[in-house]
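One letter stands for each residue in the lines below.
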Amino acid sequence: MLAALRKYDKQLVELSTKMGGVLVSPNLQGRIFCHISHELIQRLDHALLKRPDMNAYNNLGGNTLWPAPEGGSYAFNYLPGSEEWLVQPGIGQTNPEVISQSEDMVRIAKSVSLKNRKGLSISLDISRAVRSLDIDADIEGFDVTGIAYESEDRFEPKGQYSPDDVIIAPWSLEQFPSVDRTIAFAQVEAPREALSTDFYEDPGQRIFFAEQLMVYILGGESRQQIGIKARNNPTLIGALDRRRSMLILRSTPVRSGTYFNIADNAQENGPYSDSSCYSIFNGGELGFYELETIAPLCAENGTLSPNSLHSQTFILKGRLKELQRFLLEQKGIDLNQTVYPSNADEFELALKRS
């Protein structure tokens, strides 16, 4: 997979690290990928890369940058008067240019025009600044390998737009292959109250709670998604991929501004009926999952203002027991004690079903 990506994009930027590399692909709309010892971590659809569909969005994988919201009256994935889901050319086709580059950082940018479901068009400068991180101190004393990077995804409106007409924020969707045997989780205050399920099918039987912890057993045949509300001060989301012996953590700081509903549905209770700053997508039959970070709406004096989403992705590979030890000792998360005794049996059944 890594060789296929390098072959496809001759402008691929690689930020090398001791244990792998962070890859930024200008010719794949600025997608971000990582490898540890030449093993590609994020999902890459090789068949679609070789034979893209010229009439549809090519969901190739990686870390992609989208404008939120997806659905509702302010949607960017539905045009006025249409129920047909789409990804607009400025997001799904327009490629960025490399603006600056150093040994550990690259910045890419493009200018696009987008239309929302209300029919309002907005001109926007979009940029991604990606920096590789040194994790030696983080993993000292643990028998693991790993890689990490941080990104700043920035939207700058090129005109004056009112939040009454357009709601928009950067949204980073990082996609990983297979949900088989994967346990997703979120570290958050009052986790039962922090959970949002107003997306697709309710994943209730796959959700479990402990003190400041929510656990989501991925798998099944149907698409599901959950949100983690910003007001409950979440600190991270993550996934323990038991099949690949891999731990993935993503984080973004909770910011001032107005978080809003990003869901791909009619949002019958309005655009401010949810306030999630994280989301986890369970792809079911699609064979992948996503760990997502979301910025709030930013406006000043009744006008949209520049808006940046700061995210960090941290990936470790090693024996499962060692990954769980890292998670416990470094993050205070014990996946062996994730559920209250009253639903421990249901937790084990959900693991088996996954």
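An account of the accompanying structure is given in this report.

Parameters at a glance
- Residues numbered from 1 in each chain as written.
- Predicted model: local features only at pLDDT ≥ 70, side-chain atom pairs only at ≥ 80, totals over all residues.
- Heavy atoms only, no water.
- Salt bridge = Lys/Arg side-chain N within 4 Å of Asp/Glu carboxyl O.
- Helix = DSSP H or I, 4+ residues; strand = E, 2+ residues; numbered from the N terminus.
- Buried < 20%, exposed > 50% of the residue type's maximum accessible area, 1.4 Å probe, protein only.
- Pairing = 2+ DSSP bridges.
- Axes fitted to C-alpha atoms, helices over the stretch in contact; angles between N-to-C directions.
- Patch = residues over 30% accessible without salt bridge, like charges linked within 9 Å, V, L, I, M, F, W, Y side chains within 5 Å.
- Areas by Shrake-Rupley, 256 points an atom, 1.4 Å probe, with all protein chains shown as cover.
- Lys, Arg positive; Asp, Glu negative; His and termini not counted.
- Charge placed at Lys NZ, Arg CZ, Asp CG, Glu CD.
- 1 Å grid on protein atoms, 1.4 Å probe; cavity = no way out; pocket = protein on both sides within 12 Å on 5 of 7 lines; lining within 4 Å.
- Points joined across faces, edges and corners; volume = space filled by probe spheres on them.
- Nonpolar A, V, L, I, M, F, W, Y, C, P; charged D, E, K, R; others polar.

### Describing the pattern of salt bridges
And then number 1: Using the criterion set out here, one finds 16 salt bridges in the structure.
And then number 2: Here Asp104 and Arg131 are joined by a salt bridge, their closest N and O atoms 3.6 Å apart. Placement of the pair is Asp104 in the loop between strand 6 (97-101) and strand 7 (105-115) and Arg131 in strand 8 (residues 121-132), with a sequence separation of 27 residues.
And then number 3: Overall, the relative accessible area of 31% leaves Asp104 in the partly exposed class.
And then number 4: Here Arg128 makes a salt bridge to Asp153, at a shortest N to O gap of 2.7 Å. Of this pair, Arg128 sits in strand 8 while Asp153 sits in strand 9 (residues 144-157); the two residues are 25 residues apart in sequence, bridging distant segments of the chain. Across this residue pair, the class does not change: Arg128 and Asp153 are buried.
And then number 5: Taken together, the salt bridges that share partners define one network made up of Arg319, Glu322, Arg325 and Glu329.

### Some points on the sheet that holds strand 11 (residues 182-187)
And then number 1: Spatially, the 10 strands line up as an open sheet ordered 6-7-8-9-22-17-16-11-14-13, and their pairing is antiparallel. The open sheet has two edge strands, strand 6 and strand 13 (207-210), and neither has a second partner. The average undirected angle you get between the axes of adjacent strands in this sheet is 20°.
And then number 2: In this sheet, strand 22 (residues 307-318) lies alongside strand 9 in antiparallel orientation, the contact comprising 12 bridges. Residue pairing across strands places Gly146 opposite Leu316, the latter belonging to strand 22.

### Digging into a positive patch on the surface
And then number 1: Together, Lys7, Lys10, Lys50 and Arg51 make up a region of like positive charge exposed at the surface.
And then number 2: With respect to the element layout, Arg51 can be found in the loop between helix 2 (46-50) and strand 5 (62-68).

### A closer look at empty space enclosed by the protein
And then number 1: Taken as a whole and assessed by the stated rule, the structure comprises three cavities of 30 Å³ or more.
And then number 2: Of the volumes computed, that of the largest cavity is approximately 150 Å³.
And then number 3: Surrounding the largest cavity, 16 residues form its lining, Gln29, Gly30, Leu65, Ile91 and Lys110 being those nearest its centre.
And then number 4: Elements supplying a minimum of two residues to the lining of the largest cavity: strand 5, strand 7 and strand 8.
And then number 5: The computed volume of the second largest cavity comes to approximately 50 Å³.
And then number 6: The wall of the second largest cavity is formed by Phe155, Pro157, Ile168, Ala169, Pro170, Leu297, Cys298, Leu304, Ser305 and Asn307.
And then number 7: Listing elements by their share of the lining of the second largest cavity, those giving two or more residues are strand 9 and strand 10 (169-177).
And then number 8: Taken together, the residues of the lining of the second largest cavity break down into eight nonpolar, two polar and no charged.

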